[in-house]
Amino acid sequence: MAQQYDTIILGAGPGGMTAATYASRANMSVLMIDRGIYGGQMNNTAEIENYPGFPSILGPELAEKMYASSTQFGAEYAFGTVLHVEAQADGSWRVVTDMDEYSANTVIVATGAAYKKLDVPGEEAFAGRGVSYCAVCDGAFFRGQHVIVVGGGDSAVEEATYLAGLADHVTIVHRRDKLRAQQILQDRAFANEKISFVWNSEVEEILGDDKKVTGVRVRNNQTDETSEIDAAGVFIYVGLLPVSDPVQDLGITDANGWIMTNDRMETSQPGIFAIGDVREKELRQITTAVGDAAVAGQNAFSYNENFKMRASEVTE
Ligand code: FAD
Ligand code: NAP
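What you see is a predicted model, and the numbers here were worked out from it, not measured in a lab. (Residues numbered from 1 in each chain as written. Chains lettered and ligands numbered in written order. Predicted model: local features only at pLDDT ≥ 70, side-chain atom pairs only at ≥ 80, totals over all residues. Heavy atoms only, no water.)

Caption draft 1: Region of the structure containing the UniProt feature "domain: FAD/NAD(P)-binding" (unreviewed entry) in the chain. UniProt annotation of "domain: FAD/NAD(P)-binding" (unreviewed entry) refers to residues 5-292 when read in the numbering used here. Along residues 5-292 one finds 19% helix and 31% strand; the C-alpha atoms at either end are 21 Å apart. (UniProt positions renumbered as here; feature names shortened; annotations may be inferred. Helix = DSSP H or I, 4+ residues; strand = E, 2+ residues; numbered from the N terminus.)

Right under this line is the structure:
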């Protein structure tokens, strides 16, 4: 018999943990499932300066605090990779992981987003040998050396500034001549003497010897000229892809895999809600993930009450 909950939350990033807080505080039985440690992308973030109440906090520290909040009203946490979610005859949902099977009246999908790859030669071959997607995890390996950051968004510029505190020098390679990042992050990077920019340039190949990365070959997309830049590490921050594979069969995603919801965080499947970075939305932040979560937690509660009332009418 699958273990039964009022709601099951897929993913324990800031969105999932906040949904657990709201749903369990409303007296629902709640299970959060994550394939890794709770915290999601916050575990890959050095410093967070835009979460209310904390002028500056380390990502993993905020994750710890959110986890304590999320479990204080009885929400449970289970380890496992969610493989799929399927409808059951009574209108509830079966959640299948690689470890177990569960059943719930409502499901809140909070599986977030994951880094996009550059898809250039050398990226795969040198992954873990100089190619990284996480400055907090790997930056210390490049103390006193030259590293390249690819991308022009918040992640690239913020993490380049973090890396500049460890590396001898950081070069940001961006495909345009303007950054996409928030102005405050741009201002800091421009003011940092250890950061320089290579504009209008695309990485064509990550170069290395038989052991590790030695640099990149870039092509200037205005002049078509190619050049090589020596570096010990290449940090890639070129955007995100939705992590929606466990629900891809439910018809709730757009053509790119982002989950579509209304303002109540409801998807087109009754009882399935989606929140945070996995949702089709404009601004992917911790604050917007937790805002989505509060709305979904509350609406999952209402849905669950109606579901139980309908079920008891059928049995009477
Ligand atoms: P995520 O944090 O992505 O969490 C999703 C969780 O779901 C993960 O724990 C994952 O393991 C789990 N999961 C996925 N698939 C499965 C599955 N099949 N089975 C089980 N579990 C699964 N935002 C800010 O507001 N301020 C910042 O300073 C900031 N800095 C950032 C720096 C970097 C480098 C990055 C990458 C992002 C940063 N962000 C920042 C963005 C912020 O981290 C995200 O918007 C936020 O974490 C999204 O939360 P989420 O709960 O929707 O998803
Ligand atoms: P992003 O905003 O999508 O930016 C991706 C960057 O990579 C863009 O500059 C883009 O160039 C470039 N790029 C995309 N594909 C490329 C390719 N194939 N080759 C070369 N360059 C490529 O992604 P992100 O920076 O990871 O941010 C993701 C989300 O997390 C955002 O919502 C962001 O606000 C949030 N975040 C917030 C913070 C914070 O608040 N402090 C920090 C980090 C992340 P173009 O500019 O030309 O499109």
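Here the narrative resumes.
Caption draft 2: Looking closely at the domain arrangement of the chain. For the chain, the assigned domains are domain 1 (1-112 + 239-312) and domain 2 (117-236). If you average the C-alpha positions of domain 1 and of domain 2, the two centres end up 33 Å apart. The interface is formed by 7 residues belonging to domain 1 together with 9 residues belonging to domain 2. Interface of domain 1 and domain 2: buried area, both sides summed, is about 530 Å²; carbon and sulfur atoms make up 44% of it. It is Asn-44, Ala-46 and Glu-49 in domain 1 that bury the most area against domain 2; as a group they hold 65% of the surface buried on that side. Where domain 1 packs against domain 2, one counts 1 salt bridge. The partner of Arg-188 in a salt bridge is Glu-49, with the nearest N and O atoms 3.0 Å apart. For the pair domain 1 and domain 2, the interface holds 1 residue pair in polar contact (both at pLDDT 80 or more). Taken together, the residues of the side of domain 1 that touches domain 2 break down into 1 nonpolar, 4 polar and 2 charged. (Domains from an automatic or database assignment. Contact = heavy atoms within 4.5 Å. Buried area = accessible area lost by both parts, 1.4 Å probe. Salt bridge = Lys/Arg side-chain N within 4 Å of Asp/Glu carboxyl O. Polar contact = N/O pair within 3.5 Å; in protein donor to acceptor, adjacent residues only side chain to side chain. Nonpolar A, V, L, I, M, F, W, Y, C, P; charged D, E, K, R; others polar.)

Caption draft 3: Quick peek at the sheet that holds strand 15 (residues 213-220). Ordered by their spatial adjacency, 3 strands build an open sheet running 14-15-16, and the pairing between neighbours is antiparallel. The strands lining the two open edges of the sheet, one partner per strand, are strand 14 (201-208) and strand 16 (226-230). On average, each strand axis in the sheet is inclined to that of its neighbour by 25°, with strand direction left out of account. Relative to strand 16, strand 15 runs antiparallel, the two being bridged by 5 bridges. If you follow Val-216 over to strand 16, its bridge partner there is Ile-229. (Pairing = 2+ DSSP bridges. Axes fitted to C-alpha atoms, helices over the stretch in contact; angles between N-to-C directions.)

Caption draft 4: Representation of the environment of Pro-246. Mapped onto the secondary structure, Pro-246 falls in the loop between strand 18 (240-242) and strand 19 (272-274). Judged by its relative accessible area of 9%, Pro-246 is buried. Each C-alpha atom of the pair Pro-246 and Glu-204 lies 33 Å from the other, and the pair is 42 residues apart in sequence. Other than its neighbours up to four places away in sequence, Pro-246 contacts Val-82, Leu-83, His-84 and Val-85. (Buried < 20%, exposed > 50% of the residue type's maximum accessible area, 1.4 Å probe, protein only.)

Caption draft 5: Molecular detail of the site of ligand 1. Taken together, 32 residues lie near ligand 1, and Gly-15, Asp-34, Asn-50, Val-82 and Asp-277 sit nearest. A distance of 3.4 Å separates an oxygen atom of ligand 1 from a polar atom in the backbone of Pro-14. One of the side-chain nitrogen or oxygen atoms of Gln-41 is found 2.9 Å away from an oxygen atom of ligand 1. For ligand 1, the accessible surface in isolation is 1000 Å², of which the surrounding protein chains cover 93%. (Near = heavy atom within 4 Å. Areas by Shrake-Rupley, 256 points an atom, 1.4 Å probe, with all protein chains shown as cover.)

Caption draft 6: Expanded view of the site of ligand 2. In the vicinity of ligand 2, 20 residues are found, and the nearest of them are Asn-50, Asp-154, Arg-176, Arg-180 and Gln-285. Within the side chain of Ser-155, a nitrogen or oxygen atom sits 2.9 Å from an oxygen atom of ligand 2. For ligand 2, an oxygen atom lies 2.6 Å from a polar atom in the side chain of Arg-180. Here ligand 2 loses 79% of its free accessible area of 920 Å² to cover by the protein chains. At 3 residues, helix 4 (residues 154-164) tops the list of elements feeding residues into the shell around ligand 2. Here the shell around ligand 2 is composed, by residue class, of 4 nonpolar, 9 polar and 7 charged.

Caption draft 7: View of the packing of helix 4 against helix 5 (residues 183-191). In contact at an axis separation of 9 Å, helix 4 and helix 5 are set at 40° when each is read in the N-to-C sense. In terms of axis orientation, helix 4 runs oblique to helix 5. When the axes of helix 4 and helix 5 are compared, the crossing they make is left-handed. Residues Asp-154, Val-157, Glu-158 and Thr-161 of helix 4 form the contact with helix 5, whose participating residues are Leu-185, Gln-186 and Ala-189. The class makeup of the residues in the contact of helix 4 with helix 5 is 3 nonpolar, 2 polar and 2 charged. (Parallel < 35°, antiparallel > 145°, perpendicular 65-115°, else oblique. Left-handed = near helix turned anticlockwise from the far one by under 90°.)

Caption draft 8: Highlighting the state of the cysteines. Taken as a whole, this structure holds 1 disulfide when the rule is applied. Here Cys-134 is linked by a disulfide to Cys-137, with a sulfur-sulfur distance of 2.0 Å. Its S-S torsion of about 70° marks the bond between Cys-134 and Cys-137 as right-handed, since a negative value means left-handed. Exposure remark for Cys-137: the relative accessible area of 42% places this residue in the partly exposed category. (Disulfide = S-S within 2.5 Å.)

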